[in-house]
Amino acid sequence: MRGNAPGAHPYMANALPETKQAMLAEIGARSIEELFHQIPADHRFRGELKLPAAMRSEAELKRHLLGLLRRNRSCEENLSFLGAGCWQHHVPAIVDEIAGRSEFLTSVWGTSSSDHGRNQAWFEFTSQLAELVRMDFVGLPVYSWGCAAGHALRMASRLNGRREVLVPRATCPERLSVIRNYCEPEQMESHIKVTLVDYQPGNGRLDLADLKRKLGPDIAAVYIEVPGYLGTIESQGAEIARMARAAGAEMIVGVDPISLGVLAAPADYGADIVVGTTQTLGIHMFAGGGLGGFIASRDEDRYAREYPTLNVSITSSVKGEPAFGLSLLHQSSYGLRDKGKDWTGNSTYLWAIASAVYMSALGPAGFREVGELILAQSHFAAKRIASVPGLSVAWPGGFFKEFVVRFDGTGKSVAAINRALAAKGIFGGKDLSAEFPELGQSALYCVTEIHSAEDIERLVGALAEVVRP
Amino acid sequence: MTSNIKLPNYHGARWDEPVVMEMGVPGRRGAVFPAPAPAVAAAVGDAASLVPASMRRQDRPALPEMTEPDVLRHYLHLSQMVLGMMGISLFGTCTMKYNPRLNEWLQMRPELAELHPLQDESTMQGMLEIVHGLDLILRELSGMDQFVFQAAGGADAAYTQTCVTRGYFAARGELEQRNEIITTIQAHPCNPATAATAGFKVITLPLEENGYPSIEALKAALSPRTAALMTNNPDDMGIYNPQIREWVRLVHEAGGLAFYDHANFNGVMSKIRARDLGFDACMFMLHKTFGGAKGGGGPATGAYGCTAALAPFLPGPVVVKDGAGYRLDRNRPQSVGKVREFLGNLQVVLKAYSWCRAMGAEGIAEASDLSVLANNYMDKKLGQIRGLVRSHPKNTAHRMEMTRWGMGPLKEETGVNIFDVQNRMTDFGVDAFWLSHDPWVVPEPFTPEAGELWSKEDIDTWIAVIQRISDEAYSTPELVKNAPHKAAIAKLAPENLDDPAVWATTWRAYQRKRKGKAAA
């Protein structure tokens, strides 16, 4: 007998009246309402919740949600050159297969033995990342690159008791805003001052004269990024690390790990702490929902004791099997609440497993190949774009996958150009004009392994057309 | 109590799977990329030469070299050695519920998976409508005026609260004066921890006999230095603080803000609304209460909602409806900026929106009813098992959607501790229960929560497992102490993983410390 009444809800087994009655009888209560007697009557909401009507049928719900999603225009159906903190890379199918496994998807906490496989996958994430950055201590992931940088700067400040950090002016504004929040506003007693270090207009690299002026006994850490937000590969890492060390500051390097098959490992030019994104290691963009971050360092007591993350260590079972347990849990907020190291909680642990699969699939040769392909294609794109009359590339060499295109010679705004490109099914680079006014009308273009030479030619053709006077 | 229920004859998969760092054969490949096209190569030359000489990678990262199917099989084996809610999981404080697989399927659609956060708003109208739609639903459930989803977890939403608190008082010129945040010992650790990270002094109220702090303790803590109260209600013991309305009034009287950590929303959804109780802001966990999957710890979303008075300080941008369409409001001069890049984990927002649409107001009310019904049903049955004691026994009221229990008597009488019990549970294909956040206010604590997902039969099986383990503790304690016997591996050896000579969070460190090899 169904009539117009919906069937029992597919997510709720005990919704059947006879089940409720049986459970109430066991409790010795007359009604479910009676069970809520802890809540004073005047706390109760007695109105009617005005929510959209329920769709118990998956078929109906799917139609509704697909209808909404189809109003999006994706980077798959368009040709996108957006990067700037979230990047379109190839995700091997086996990564999605593993990240979608129910056991990983719905695991919570478990024990070292019951959820052994997940803990091992976490350890394989930290272990493989450790090889890319050449650091011996890697924590479990944090929310994002910006959050990782914020935590690392706070770690440095706790390590040396200093309260000012140096950060490149050419930092992603999104990331910089996160960092500023982590370092606290100046009204707070524990405020860490964030001072920006300029870049050299000629090549986009850090201005060492400016760094020298700002380095001193109050500086807790010098933070640089490789590649930097504006795409450039910072080639003065060793010198910056030497200067930081001479001033008694920690050297923190932010990296995009997909570059580490072709770019030097940060440990090799003097990093003390390494942070970065995990999104480029096999995670889709999800409109920004694919972000994740990590913190790594040398395996020294002084660093390890400042980690805010959960940390998984290899150990063994009582039978001598390889096993994995949490290390240094007590120093986290779970152990020490407000006395813990910053805070921890849910993060991006499922993505850590996806990234582990990605790193295993690529191996050393895959990382070299993908890095070389990106380098070749991005430089090719830069050259071809610079050949369009009115366009130039700010720093035509020494970048990884992103570069700054200047449009001042066209007399048109980036906003107008991007609108015209969109009409041709192309998402142009991120508009930098407001963030970096000294670069004029400029945009940050991103080219990766997902682009083909034809895609680049299509962009160049479209640009030539839309910038034509 | 005797039980006629047949316990699962579970046995976990055992693959003896090596660590991936030991696998592979030099030269094998799991993913290859094409060489640059001839036109590209001709234009740019050798790719390696495009990197400044000082920055070229000299070594090969010591990653495994495996074929694609070998990588797949390795991680499939690992996935099979994860209990992860494949059996019954009554994991309290986390609201284990069904994660509809439709939503996992939807998340992988290119219209979401391949969306870039900086795309023009006109190309993200569907996603923005979903964000706005969930905002409206959560407003209705809480009475708040605006929600944002930038926080990448519940703790990050607590952090958002501390940032908004700073912004609000800075705008009033009171931030230097108002530098204290009050919380309770039963509030989730993320509340005191984020408050301290944000630079506030933290005052933690202890519990009284009834299971919640006294009004007098709160009054003594309040002062012109009070910036905010951050608290859960009900707490993890299932105790609802009946004085919470008065608490909020007192906090407001002192000039502070009141933040409701709604981690334990499942039992009270549709029954109370944070704003009606006077709160200025609240937080919901979309990866728990609203049907998103936990993923072993994220990606997650802490939905943060607040009143119109606090809304100007929210991290931006904020999705707004504008005529027929949706746009991102970036013109928010008083915003605290970002707590995390971009708009948050929007795929989790999609899952929560979908869950709300599947449930509707009636379904949400029903889920709340069922979760409290199930917990009290469990309470009744657990009370009949030897060695167990309910927290705050003097508070005999029906608890909300979970109850804190303890096995103090069982440990005293048998020597079996709560970790042994956890391990033994997994021998029956049942996930280990949540114990308690620190500090333990009950000896040998555990915190079951059935929610609306688990059927009466599942709960009966779960209870029968606890009954069986209690029986074993009294009859054959060594059986429990040496558990698990049927999981992927045996229990951990008693090594001190806080010892720098022992811990190894990476294979490199392990090679150096344990195998006497220098890392490459």
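Residues numbered from 1 in each chain as written. Chains lettered and ligands numbered in written order. Predicted model: local features only at pLDDT ≥ 70, side-chain atom pairs only at ≥ 80, totals over all residues. Heavy atoms only, no water.

A few words now on the overall build of chain A. For chain A, the helix and strand inventory stands at 14 helices and 15 strands. Taking the principal axes of its C-alpha atoms as reference, chain A extends roughly 80 × 55 × 50 Å. In chain A, buried positions account for 68% of the 469 residues. Within the structure as shown, chain A displays about 14800 Å² of accessible surface, and the carbon and sulfur contribution to it stands at 51%. (Helix = DSSP H or I, 4+ residues; strand = E, 2+ residues; numbered from the N terminus. Buried < 20%, exposed > 50% of the residue type's maximum accessible area, 1.4 Å probe, protein only. Areas by Shrake-Rupley, 256 points an atom, 1.4 Å probe, with all protein chains shown as cover.)

Residues and elements named next belong to chain A. Along its sequence, chain A is organised into domain 1 (79-86 + 364-467) and domain 2 (93-358). A straight line from the C-alpha centre of domain 1 to that of domain 2 covers 28 Å. Buried area between domain 1 and domain 2, summed over both chains or domains, comes out near 2200 Å², and the portion from carbon and sulfur atoms is 66%. Summed over the shared surface of domain 1 and domain 2, the result is 2 salt bridges. (Domains from an automatic or database assignment. Buried area = accessible area lost by both parts, 1.4 Å probe. Salt bridge = Lys/Arg side-chain N within 4 Å of Asp/Glu carboxyl O.)

This brings us to the packing of helix H6 (residues 154-171) of chain B against helix H7 (residues 190-197) of chain B. Residue and element names in this part refer to chain B. Between H6 and H7, the least distance of the axes is 9 Å, while the angle of their chain directions is 45°. Considering their axes alone, H6 and H7 lie oblique with respect to each other. Judged by the sense of rotation from one axis to the other, the crossing of H6 with H7 is right-handed. Across the interface between the two elements, Ala-155, Ala-158, Tyr-159 and Thr-162 from H6 touch Cys-190, Asn-191, Thr-194 and Ala-195 from H7. (Axes fitted to C-alpha atoms, helices over the stretch in contact; angles between N-to-C directions. Parallel < 35°, antiparallel > 145°, perpendicular 65-115°, else oblique. Left-handed = near helix turned anticlockwise from the far one by under 90°. Contact = heavy atoms within 4.5 Å.)

Moving on, we get to the pairing of strand S9 (residues 311-316) of chain A. Residues and elements named next belong to chain A. Across the 6 residues of S9, 5 count as buried, placing the element largely inside the fold. In terms of strand pairing, S9 meets strand S10 (residues 322-327) through 6 bridges, oriented antiparallel. Each residue of the ladder has a partner; that of Thr-315, found in S10, is Ala-323. (Pairing = 2+ DSSP bridges.)

Time to look at helix H10 (residues 346-382) of chain B. In an α-helix, one turn spans 3.6 residues, which is why side chains three or four residues apart end up on the same side. Over its 37 residues, H10(B) extends only 40 Å from the first C-alpha to the last, a length that falls short of the 54 Å expected when each residue adds 1.5 Å. In H10(B), a bend of some 90° at Gly360(B) exceeds every other bend along the element. (Expected span 1.5 Å × (residues − 1). Bend = angle between axes of the 7 residues up to and from the residue.)

In this section: the side chain of His262(B). Residues and elements named next belong to chain B. Mapped onto the elements of the fold, His-262 is located in the loop between strand S5 (257-261) and strand S6 (281-285). A residue is classified by how much of its surface remains accessible, and His-262, at 1% relative accessible area, is buried. Non-local contacts of His-262, meaning those with residues more than four positions away in its chain, are made with Val-268, Ile-272, Ala-274, Cys-282, Met-283 and Phe-284.

The parts lose accessible area when they come together, and the size of an interface is often stated as this lost area. Residue-level contacts link 214 residues of chain B with 194 residues of chain A. Interface area lost by chain B to chain A is led by Phe33(B), Met55(B) and Arg57(B), which between them contribute 5%. Linking chain B with chain A are 12 salt bridges. Residue Glu129(B) pairs with Arg71(A) through a salt bridge whose shortest N-O separation is 2.2 Å.

Attention now moves to the packing of helix H13 (residues 414-422) of chain A against helix H14 (residues 453-467) of chain A. Residues and elements named next belong to chain A. Closest axis-to-axis distance for the H13/H14 pair is 10 Å, and the angle between their directions is 125°. With respect to their mutual orientation, H13 and H14 come out oblique. You can see that H13 and H14 cross each other, and the crossing is right-handed. Side by side, H13 and H14 meet where Ile-417, Ala-420 and Leu-421 of the first sit next to Ala-462, Leu-463, Val-466 and Val-467 of the second. By residue class, the composition of the contact of H13 with H14 is 7 nonpolar, no polar and no charged. (Nonpolar A, V, L, I, M, F, W, Y, C, P; charged D, E, K, R; others polar.)

Size it by volume and the second largest pocket reaches roughly 1000 Å³. Every residue lining the second largest pocket is counted, 31 residues in all, and those nearest its centre are Lys430(A), Asp431(A), Leu118(B), Gln119(B) and Arg330(B). Going through the elements one at a time, helix H7 (173-183), H13, strand S13 (426-427) and strand S14 (430-431) of chain A together with strand S9 (325-329) of chain B are the ones with two or more residues in the lining of the second largest pocket. The greatest single-element share of the lining of the second largest pocket, amounting to 4 residues, is contributed by H13(A). By residue class, the composition of the lining of the second largest pocket is 10 nonpolar, 10 polar and 11 charged. (1 Å grid on protein atoms, 1.4 Å probe; cavity = no way out; pocket = protein on both sides within 12 Å on 5 of 7 lines; lining within 4 Å. Points joined across faces, edges and corners; volume = space filled by probe spheres on them.)

This part takes up the sheet that holds strand S3 (residues 201-205) of chain B. Residue and element names in this part refer to chain B. An order of S1-S7-S6-S5-S4-S2-S3 is seen for the 7 strands of this open sheet, with the pairing classed as mixed. Unpaired on one side and paired on the other, strand S1 (146-148) and S3 mark the two borders of the sheet. Across this sheet, the average inter-strand angle for adjacent strands is 20°, counted without regard to direction. Of the strands in this sheet, S1, S6 and strand S7 (302-306) are in contact with helix H5 (residues 125-142), which crosses S1 at around 125°.

A separate point is the environment of Tyr353(B). Examined against the element boundaries, Tyr353(B) turns out to sit in helix H10. Counting along the chain gives 221 residues from Tyr353(B) to His132(B), while the straight-line C-alpha distance between them is 9.6 Å.

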